[in-house]
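This is what each chain is made of:
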Amino acid sequence: MPKGRLHMSENWIKMTIFAGEITKSDMRKIMKKLIKNVVLATALTAVSAEVNAGLAFDPTKGTEGKMEMYDGSEVKYRAFEKLYYVENVEDSTYQYLNVYVPEGATQKTPIFLRTYVGGYMASAASQPQAGDASGRALKEGYVVVIPGTRGRNSTIVADKAYSKAHKGVKNGETVWTGRAPKAIIDLKAAVRYLRHFDAVMAGDAERIVTDGTSAGGAMSSLLGATGNNPLYEPYLDAMGAAKERDDVFASVCYCPIIDLEHADMAYEWVYGGTKSRQGMDESHRTLSAELAMKYGEYIDGLKMVKPDGSALTAENYRDYMKEEIIRGAQIAKNAGAAIPDTLGFEFSQSVGGMFAAPLNGGMRGSFKPMGGEKKQIPGGRQGMPPLGGQQGEYITDIDMATYLDYVVSTQPLKTVPAFDSLIEGVNQGSGENEEFGDDKGSSVNFTEFTAAKNNSEVTAEVAANVRLMNPMSFLNDANTTVAGHWYIRHGSRDRDTAFPVPINFATKLRNAGKDVNFLLAWNRPHSGDYALDELFEWIAEIVK
């Protein structure tokens, strides 16, 4: 019996009992209600099993395993591996998931779903890793699910049966199986599989927390933002996915590479004025300027609202972005991190005298300890008290030109355009150009701007796939069940996409009334699964 229906019956009985003394009439009503629910649940389970007869899970087939953690402790678990989550498996290398159930887990235990998608490439289902969030989740007692997914590089060689089922595909021909939107379709099918077997599998499918980094962060974003949207249904039906819901409880998104149709504009809007960009040839500087000009209109079109209730517009956006960078740096400073003023930061005036942090690593003056001899402060002059040049407690401002040049100095910027390349022929573009290509292995333009530069157009099919791969497209869609809880991180020196991309996403989610924990994490590059103590404190809070 599905958990939800049994739970409803139990609550109904409890309410009746505690309402007062039970009469024979009350008892008859209780029994009739319970029998009705049991019959209904049994019927629904039978129908669901008949519809998805090709899906299987045997709770007796798990194997015992253990993992040594970073702190020397040991986590024991029961593993259920190579569970195919669709009936019509196209690529058996990737279209399955692994489930790991730690000791003590029950059907009420939250599920931590970790995707290892990177670069929009294929990702095989793997085992939990002691050094990342999957291992930590297992140690915390959560059921861990790691699904495999097809990606832009996954291929098969068509056999006769495949050629017969797919018009235009020849026997022996190489087929690219994972171009957009296949990865997110696979993940949705995985979520539906977990719901389909929720009654017999450990873990609560109503409390699935997803996690991913970079393109995996995009997948986690999509899982959280597109729950149950009917646009994905034809793909899921064709795959033989379970006829279940695919919404999730919460999403953890590290540096998500999303909003690809506007990411080139955002990149130049932020980095177009840096020394790196200004040193390019004239044709690329012109492209950069053209893209940057378009982004302000997009920002205004989002109709975003700041935390204070005022409108977030292109006119005040740069100040808003500065506030987020400063907030992340201030949190790190409070925790003891050194924040160099040479990166463009300005600080409040120090009142700590000789005990305040120096600017630029230097100190001035001297002091005389009580009962001791006068000591020279490093960098100071004999006889001079500490004067100025001290770093106060609070970051008050930041010079963005200086700061962005620092970010660029840590890793070169992408070309112009950053995502939708000015490709010439097939397989000459970026990973994103491949992502939106076809099953023949082509690369295509996916933005109107770059397509026009190449004297072509974005086809209706590509445009539809671009939408299906952008969580921003679904946040205001009435047909979507958006996750209620979000943990979004982007490094403050991560240049793989521009800062406004995650800022916009977090802001739109907040504006929609969602619980959002967002931070531009100080001095983090393009990376994920960091500050795990903080992450799992957050998870523990939302699932309790």
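Look up: the structure comes first, before these words.
Below, the structure is looked at part by part. (Residues numbered from 1 in each chain as written. Predicted model: local features only at pLDDT ≥ 70, side-chain atom pairs only at ≥ 80, totals over all residues. Heavy atoms only, no water.)

**Observations concerning the overall build of the chain**
Thought 1: Counting its regular elements, the chain contains 17 helices and 19 strands.
Thought 2: Counting across all 544 residues of the chain, residues that qualify as buried make up 50%.
Thought 3: Across the chain, contacts joining residues at least 24 apart in sequence account for 72% of those joining residues at least 6 apart.
Thought 4: About 24,900 Å² of surface is accessible on the chain, with carbon and sulfur atoms providing 53% of the total. (Helix = DSSP H or I, 4+ residues; strand = E, 2+ residues; numbered from the N terminus. Buried < 20%, exposed > 50% of the residue type's maximum accessible area, 1.4 Å probe, protein only. Contact = heavy atoms within 4.5 Å. Areas by Shrake-Rupley, 256 points an atom, 1.4 Å probe, with all protein chains shown as cover.)

**Side note on the packing of helix α5 (residues 182-196) against helix α6 (residues 215-225)**
Thought 1: It is at 10 Å that the axes of α5 and α6 come closest, and there the two elements cross at 55°. In terms of orientation, α5 and α6 fall into the oblique class. Seen from above, α5 lies across α6 with right-handed handedness. Across the interface between the two elements, Ala-183, Ile-184, Leu-187, Lys-188 and Val-191 from α5 touch Met-219, Leu-222 and Leu-223 from α6. (Axes fitted to C-alpha atoms, helices over the stretch in contact; angles between N-to-C directions. Parallel < 35°, antiparallel > 145°, perpendicular 65-115°, else oblique. Left-handed = near helix turned anticlockwise from the far one by under 90°.)

**Observations regarding the side chain of Ser-348**
Thought 1: Mapped onto the fold, Ser-348 is located in the loop between β12 (345-347) and β13 (357-358).
Thought 2: Residue Ser-348 is classed as buried on the basis of its relative accessible area, which comes to 18%.
Thought 3: Within the local environment of Ser-348, its side chain forms a polar contact with the backbone nitrogen of Glu-393, the two atoms lying 3.3 Å apart.
Thought 4: Residues within four places of Ser-348 in sequence aside, it is in contact with Gln-391, Gly-392, Glu-393, Tyr-394 and Thr-396. (Polar contact = N/O pair within 3.5 Å; in protein donor to acceptor, adjacent residues only side chain to side chain.)

**Some points on the layout of surface pockets**
Thought 1: Its volume calculated, the second largest pocket comes out at about 750 Å³.
Thought 2: Forming the boundary of the second largest pocket are 33 residues, of which Glu-90, Trp-176, Thr-177, Lys-182 and Asp-439 lie nearest the centre.
Thought 3: When residues of the lining of the second largest pocket are traced back to their parent elements, those giving at least two are β7 (174-176), α5, α7 (233-239) and α15 (460-468).
Thought 4: Considering each element in turn, the lining of the second largest pocket owes the most residues, four residues, to α7.
Thought 5: Grouping the amino acids of the lining of the second largest pocket by side-chain chemistry returns 15 nonpolar, nine polar and nine charged. (1 Å grid on protein atoms, 1.4 Å probe; cavity = no way out; pocket = protein on both sides within 12 Å on 5 of 7 lines; lining within 4 Å. Points joined across faces, edges and corners; volume = space filled by probe spheres on them. Nonpolar A, V, L, I, M, F, W, Y, C, P; charged D, E, K, R; others polar.)

**Considering the packing of helix α8 (residues 260-271) against helix α10 (residues 282-301)**
Thought 1: Interhelical geometry of α8 versus α10 gives an angle of 110° and a closest axis separation of 7 Å. Classified by the interaxial angle, the pair formed by α8 and α10 is roughly perpendicular. Of the residues in α10, those in contact with His-262, Asp-264, Met-265, Ala-266, Glu-268 and Trp-269 of α8 are Ser-288, Leu-291, Ala-292, Lys-294, Tyr-295, Tyr-298 and Ile-299.
Thought 2: When grouped by side-chain class, the residues that make up the contact of α8 with α10 number eight nonpolar, two polar and three charged.

**Digging into the nonpolar core**
Thought 1: Formed by 110 residues in total, the largest nonpolar core has its most connected members in Tyr-193, Met-219, Phe-345 and Trp-486.
Thought 2: Considering each element in turn, this core owes the most residues, nine residues, to α5.
Thought 3: Setting aside its immediate chain neighbours within four residues, Tyr-193 contacts Leu-55, Ala-56, Phe-57, Leu-83, Tyr-84, Tyr-85, Leu-97, Met-201 and Ala-242.
Thought 4: Core analysis: the next-biggest nonpolar cluster, separate from the first, contains 30 residues, Met-67, Val-75, Ile-146 and Val-252 among them. (Core = buried A, V, L, I, M, F, W, Y, C linked by side-chain atoms within 4.5 Å.)

**Considerations on the packing of aromatic side chains**
Thought 1: A complete count under the given rule lists 22 aromatic pairs for this structure.
Thought 2: An angle of 45° between the planes, with centres 6.1 Å apart, marks the rings of Phe-57 and Phe-197 as tilted. Taken as a pair, Phe-57 in the loop between α2 (24-51) and β1 (63-68) and Phe-197 in the loop between α5 and β8 (204-213) lie far apart in primary sequence, 140 residues in all. Across this residue pair, the class does not change: Phe-57 and Phe-197 are buried.
Thought 3: Judged by centre distance (6.3 Å) and plane angle (90°), the ring pair of Tyr-267 and Phe-419 falls under edge-to-face. (Phe/Tyr/Trp six-rings, centres within 6.5 Å; stacked < 30°, edge-to-face > 60°.)

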